Amino acid sequence: MHSDLVITAVDGIVTAHARATGEVAWVFRVPDGKADHRHVTRVWANAHRIVVVAGRMDESGLFASADGTAHVCCIAYGTGNLLWKHSLKGGQNIAHFTATLLVDGKQVFVTHADTLVAFSLDTGQQLWQRRVERVTSNFPVSVSLAVAGNAQQGDAK
């Protein structure tokens, strides 16, 4: 399948470039009210939807919000229009961005801090939320996600 757009995602900004010319087709900014801050950003795309997870960081690379909020947004591939969004709070002990994003079929899976959440790709409805079991609980790290034939590795830090 050939797509018409090349998608970039950095600092909470998703940009669609025309594949043939590189011209900007549209720009989407994660709606967290802080356009002037650095964001860590993860992205996934198909021919209809783009899912982005972003967290606002301060100058030292730590979360800029006290509760470690990550924003999950789904936008329309062709227009960049927001289809749905959720905010996931990491908690008071989270300083570093730990979100991992995996989209499979009609489900969006996001881990953030010690939480695993499933959303409907089409509607954004939260399907369920569970705590991720871990060996150590005092320093959140990225969690790798996998379903049969599809995996996303958390950042090794």
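Residues numbered from 1 in each chain as written. Predicted model: local features only at pLDDT ≥ 70, side-chain atom pairs only at ≥ 80, totals over all residues. Heavy atoms only, no water.

Peer 1: Requested: an account of the environment of Tyr77, with residues and values cited.
Peer 2: Along the chain, Tyr77 turns up in the loop between β6 (69–76) and β7 (82–89). For Tyr77, a relative accessible area of 9% corresponds to the buried category. In sequence terms Tyr77 and Ala47 are 30 residues apart; their C-alpha atoms lie 6.3 Å from each other. Residues in contact with Tyr77, not counting those within four places in the same chain, are Ser3, Asp4, Leu5, Ile7, Trp26, Asn46, Ala47, His48, Arg49 and Ile50. At a separation of 3.0 Å, a polar atom in the side chain of Tyr77 contacts the main-chain amide nitrogen of Leu5. (Helix = DSSP H or I, 4+ residues; strand = E, 2+ residues; numbered from the N terminus. Buried < 20%, exposed > 50% of the residue type's maximum accessible area, 1.4 Å probe, protein only. Contact = heavy atoms within 4.5 Å. Polar contact = N/O pair within 3.5 Å; in protein donor to acceptor, adjacent residues only side chain to side chain.)

Peer 1: Outline the pairing of strand β9 (residues 107–112), supporting the account with residue identities and numerical values.
Peer 2: Within β9, five of the six residues are buried, which leaves it mostly tucked inside the rest of the structure. Where strand β8 (residues 100–104) hands over to β9, the hairpin turn is made up of two residues, of which Gly105 adopts a positive phi near 60 degrees. The loop that links β9 with its antiparallel partner strand β10 (residues 115–120) comprises two residues; one of these, Ala113, has a positive phi angle of about 55 degrees. (Pairing = 2+ DSSP bridges.)

Peer 1: Describe the environment of Val117, listing the residues and the values that go with them.
Peer 2: Counting through the fold element by element, Val117 comes out in strand β10. Under the relative-accessibility criterion, Val117 is labelled buried at 0%. When the C-alpha atoms of Val117 and Arg131 are compared, they prove to be 8.7 Å apart, with 14 residues separating the residues in sequence. Residues contacting Val117, with those up to four places away along its chain left out, are Leu88, Val108, Phe109, Val110, Gln126, Trp128 and Gln129.

Peer 1: Tell me about the sheet that holds strand β1 (residues 5–10), and name the residues and values.
Peer 2: With antiparallel pairing, three strands are arranged side by side in an open sheet as β1-β2-β3. For this open sheet the edge positions go to β1 and β3 (24–29), each flanked by a neighbour on one side alone. Looking at each pair of strands side by side, their axes are set apart by 15 degrees on average, direction ignored. Direction of pairing for strand β2 (residues 13–18) relative to β3: antiparallel, over a ladder of five bridges. Note that in β3 the partner of Ala16 across the bridge is Trp26. (Axes fitted to C-alpha atoms, helices over the stretch in contact; angles between N-to-C directions.)

Peer 1: Describe the nonpolar core, with residues and values.
Peer 2: Grouped together as the largest cluster of nonpolar side chains are 15 residues, with contacts concentrated most on Val51, Val53, Val72, Leu101, Val108, Val110 and Phe119. Every element with two or more residues in this core is listed here: β5 (49–57), β6, β7, β8, β9 and β10. Ranked by residues supplied to this core, first place goes to β6 with three residues. Grouped together as the second largest cluster of nonpolar side chains are 12 residues, Ala16, Phe28, Val52 and Tyr77 included. (Core = buried A, V, L, I, M, F, W, Y, C linked by side-chain atoms within 4.5 Å.)

Peer 1: Just give me the short version of the sheet that holds β10, but keep the residues and values in it.
Peer 2: Within the open sheet, the four strands sit side by side as β8-β9-β10-β11. Their pairing is antiparallel. On the outer flanks of this sheet lie β8 and β11 (126–131), each paired with one strand and no other. Within the sheet, the average angular offset between the axes of one strand and its neighbour, ignoring direction, is 15 degrees. With five bridges connecting them, β8 and β9 associate as antiparallel partners.

Peer 1: With reference to specific residues and values, describe the state of the cysteines.
Peer 2: Joining two cysteines, a disulfide is a covalent bond between their sulfur atoms. Following the criterion strictly, the structure yields zero disulfides and no others. We note that Cys74 lacks a disulfide partner, and the nearest cysteine sulfur, in Cys73, lies 8.9 Å from it. (Disulfide = S-S within 2.5 Å.)

Peer 1: Any details on the pattern of salt bridges? Residues and values, ideally.
Peer 2: Per the counting criterion, the structure on display carries two salt bridges. For Asp122, the salt bridge is made with Arg49, and the minimal N-O distance between the two is 3.6 Å. Within this pair, whereas Asp122 is found in the loop between β10 and β11, its partner Arg49 is found in strand β5, the two being separated by 73 residues in sequence. By relative accessible area, which is 18% here, Arg49 ends up buried. The salt bridge partner of Lys106 is Asp122, with a shortest N-O separation of 3.4 Å. Taken together, the positions of Lys106 in the loop between β8 and β9 and Asp122 in the loop between β10 and β11 put the pair 16 residues apart, joining distant regions of the chain. Through salt bridges with shared partners, one network takes in Arg49, Lys106 and Asp122. (Salt bridge = Lys/Arg side-chain N within 4 Å of Asp/Glu carboxyl O.)

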